[in-house]
Amino acid sequence: MKFPGSVLASVFLFVAETTAALYLSSTYRSGGDGMWQALTLLFSLLPCALVQLTLLFVHRDFSRDRPLVLLLHLLQLGPLFRCFEVFCIYCQSGHIEEPYVSITKKRQIPKNGFSEEIEKEVGQAEGKLFTHRSAFSRASVIQAFLGSAPQLTLQLYISTLQQDVTVGRCLFMVLSLLSIVYGALRCNILAIKIKYDEYDVKVKPLAYVCIFLWRSFEIATRVIVLVLFTSVLKAWVVMVVLVNFFSFFLYPWILFWCSGSPFPENIEKALSRVGTTIVLCFLTLLYAGINMFCWSAVQLKLNNPDLISKSQNWYRLLAYYMLRFIENAVLLLMWYLYKTDIYMYVCAPLLILQLLIGYCTAILFMLVFYQFFHPCKKLFSSSVSEGFRQWLKCVCCNCRQQKAHESVGKTDLRSTGDRDETPSSSKISSMPSQILNADELCSA
């Protein structure tokens, strides 16, 4: 049975970040910064509450008589209890023989064009561990993008204004960045397992390293760009955030309304229509929060029973990163034009160049992952290199057509110019003969 390392990582980041937030808020209180203390507590306690609700929802504890579990979640101790429960199940799994097992069928990734179907026995303990892993994966994504991402932006903004980074704040920002990157990594793995649910997917360690580097560069550069822009144009950043948020929040609903599909009723049998609407709004809220800072790797599709599109849309991925790169460049340009005296000792052109190169590095690691380390790359209809070759062919063909049109236009201009110059030259050549004839007449 697989060691529940993902559960341990999720609980560690949850406890460490919450503890650091409480400590930092106490320092803000002692320093008289009431607004920073309130915002730090808000971005810490709100995701904590959402994590508790997520764990209760996934384990369906609302419909079961477990008052102790509900009390522990109310005291914000739910993740610790769940982690203890996970390791109890893991330690007892090898000592107790299970009378009932279920058989799951998965297909192997094709090798040499052939794919075999394998059967695997799954006991009750392994099924419980799978549920716990799934719950903590979703909780990590919620904590990362509804708590850690705005928290990191806030603390970096405070450090920029105060021009000082304390040890506690530095440690807190490192934990927040790790939490966001880990949440994005879990989002990638969830997307792969949902899209290729019928296959036995095994992610290699190099794939984890590549995703970690991809997400680290992408999220770090995005947060720094937002902080720099906010420090000089505080009023305009509200419009930038609202446009980004509502674009991604309303996009799945617009696609759903345009499809004309009936309202999804199969999310959870115990939920009413109002409860289903709340769950869907929360999912789109999380979807918008993820795309504010990085590529979500999953596409919400509300008219799908799984609520997620299983098709790999390369054009949407390309459009997202192109638009995000342009947006980052524009925000950095606005910061450069309106920067204040606090950036007196900062080489602005070099900083802009470093941030743009950092974002391009993230895109490079993403391409490397999809080309070499994606566990299901053999199932792609076209690889990244093939798509890049096709794009180059299209660009070359367009350039050749433009050159051909330009050469045709130049030859047409030359031909018309020659036609215009021919009669004029004949006139010029006839003028000397006329002059000579006149002179000869005069001499005669």
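About the thresholds
- Residues numbered from 1 in each chain as written.
- Predicted model: local features only at pLDDT ≥ 70, side-chain atom pairs only at ≥ 80, totals over all residues.
- Heavy atoms only, no water.
- UniProt positions renumbered as here; feature names shortened; annotations may be inferred.
- Phe/Tyr/Trp six-rings, centres within 6.5 Å; stacked < 30°, edge-to-face > 60°.
- Helix = DSSP H or I, 4+ residues; strand = E, 2+ residues; numbered from the N terminus.
- Buried < 20%, exposed > 50% of the residue type's maximum accessible area, 1.4 Å probe, protein only.
- Lys NZ or Arg CZ within 6 Å of the ring centre and 35° of its normal.
- Axes fitted to C-alpha atoms, helices over the stretch in contact; angles between N-to-C directions.
- Parallel < 35°, antiparallel > 145°, perpendicular 65-115°, else oblique.
- Contact = heavy atoms within 4.5 Å.
- Nonpolar A, V, L, I, M, F, W, Y, C, P; charged D, E, K, R; others polar.
- Expected span 1.5 Å × (residues − 1).
- Polar contact = N/O pair within 3.5 Å; in protein donor to acceptor, adjacent residues only side chain to side chain.
- Disulfide = S-S within 2.5 Å.
- Core = buried A, V, L, I, M, F, W, Y, C linked by side-chain atoms within 4.5 Å.
- Salt bridge = Lys/Arg side-chain N within 4 Å of Asp/Glu carboxyl O.
- Left-handed = near helix turned anticlockwise from the far one by under 90°.

Under an unreviewed UniProt entry, the chain has the name XK-related protein and belongs to Canis lupus familiaris. You can read under Sequence similarities (unreviewed entry) in the UniProt record for the chain the words "Belongs to the XK family." Note on the chain: under the UniProt heading Subcellular location (unreviewed entry), the record states "Membrane".

**Quick look at the packing of aromatic side chains**
According to the stated counting rule, one finds 18 aromatic pairs in the structure shown. Geometrically, the ring pair formed by Trp253 and Phe256 is edge-to-face, given 6.3 Å between the ring centres and 85° between the ring planes. Here Trp253 pairs with Phe256, and both are found in helix H8 (residues 234–259), just three residues apart, close to one helical turn. Phe256 matches Trp253 in its accessibility class, with the two residues each being buried. An aromatic cluster is present here, built from Phe248, Trp295, Tyr320, Tyr321, Phe325 and Tyr359 joined pairwise through their rings. It is Lys339 that lies over the ring of Tyr336; its NZ or CZ is 4.2 Å from the centre.

**Observations concerning the packing of helix H2 (residues 34–58) against helix H3 (residues 67–74)**
When two helices pack together, their arrangement is given by the angle between the helix axes and the distance between those axes. Where H2 meets H3, the axes come as close as 9 Å, and the angle between the chain directions of the two elements is 160°. Comparing the axis directions of H2 and H3 gives the class roughly antiparallel. Residue-level contacts link Gln52, Leu55 and Leu56 of H2 to Val69, Leu70 and His73 of H3. Counted by class, the contact of H2 with H3 contains four nonpolar, two polar and no charged residues.

**Considerations on helix H10 (residues 314–338)**
Counted at 1.5 Å a residue, the expected span for H10 with its 25 residues is 36 Å, and the 36 Å between its end C-alpha atoms agrees. Every buried residue of H10 is accounted for by Leu317, Tyr320, Tyr321, Arg324, Glu327, Asn328, Leu331, Leu332 and Trp335. Turning to H10, the residues buried within the fold contact helix H7 (205–232), H8, helix H9 (273–293) and helix H11 (348–373).

**Looking at the side chain of Asn244**
Within the secondary structure layout, Asn244 lies in helix H8. Here the side chain of Asn244 touches Val240 through a polar contact of 2.8 Å, landing on its backbone oxygen.

**Topic: the state of the cysteines**
Summed over all chains, the structure comprises zero disulfides. Cysteine Cys399 remains unbridged, with the sulfur of Cys396 as its closest cysteine sulfur at 6.4 Å.

**Digging into the nonpolar core**
Taken as a class, soluble globular proteins show a tendency for nonpolar side chains to be buried jointly. Formed by 49 residues in total, the largest nonpolar core has its most connected members in Val141, Phe145, Ile219, Ile290, Leu332 and Trp335. If one sorts the elements of this core by residue count, helix H5 (residues 124–162) sits on top with 10 residues. Aside from chain neighbours lying at most four places away, what touches Ile219 is Leu177, Ile180, Val181, Ala184, Phe293 and Cys294. Grouped together as the second largest cluster of nonpolar side chains are 38 residues, Ile192, Ala207, Cys210 and Trp253 included.

**Overview of the pattern of salt bridges**
Applying the stated rule across the entire model yields four salt bridges. Residues Glu218 and Arg215 are paired through a salt bridge, measuring 3.1 Å at the closest nitrogen-oxygen approach. Of this pair, Glu218 and Arg215 both sit in helix H7, three residues apart, which is roughly one turn of that helix. Each member of the pair, Glu218 together with Arg215, is buried. Here Glu327 ties to Arg222 by a salt bridge, and the two come within 3.4 Å at their closest N and O atoms.

**Comments concerning the environment of His374**
For His374, the position within the fold is in the loop between H11 and helix H12 (384–443). Sequence separation between His374 and Ile211 is 163 residues; the distance between their C-alpha atoms is 9.7 Å. Excluding anything up to four places from it in sequence, His374 contacts Ile192, Tyr196, Phe369 and Phe380. Engagement of the side chain of His374 in a polar contact is seen with the backbone nitrogen of Cys376, the distance being 3.0 Å.

**Here's the deal with unusual backbone geometry**
Excluding glycine, most residues fall at negative phi; most peptide bonds, likewise, are trans. Residue Gln76 is not a glycine yet carries a positive backbone phi of 65°. Assessed through its relative accessible area of 31%, Gln76 is described here as partly exposed. Non-glycine residue Ala297 carries a positive phi angle of around 70°. Here Ala297 is to be found in the loop between H9 and H10. Given a relative accessible area of 5%, Ala297 falls into the buried group.

**Structural notes on the side chain of Arg82**
You can see Arg82 is positioned in helix H4 (residues 78–92). A polar contact is formed between the side chain of Arg82 and the side chain of His73, at a distance of 3.2 Å.

**Details of the packing of H5 against H9**
Axis separation between H5 and H9 bottoms out at 9 Å; the angle between their running directions is 45°. Here H5 is positioned oblique relative to H9, judged by the angle of their axes. The handedness of the crossing between H5 and H9 is left-handed. Every residue of H9 that contacts H5 at Val141, Ile142, Phe145, Leu146, Ala149, Pro150 and Thr153 is listed here: Phe282, Leu285, Leu286, Gly289, Ile290 and Phe293. Of the residues belonging to the contact of H5 with H9, the class tally is 11 nonpolar, two polar and no charged.

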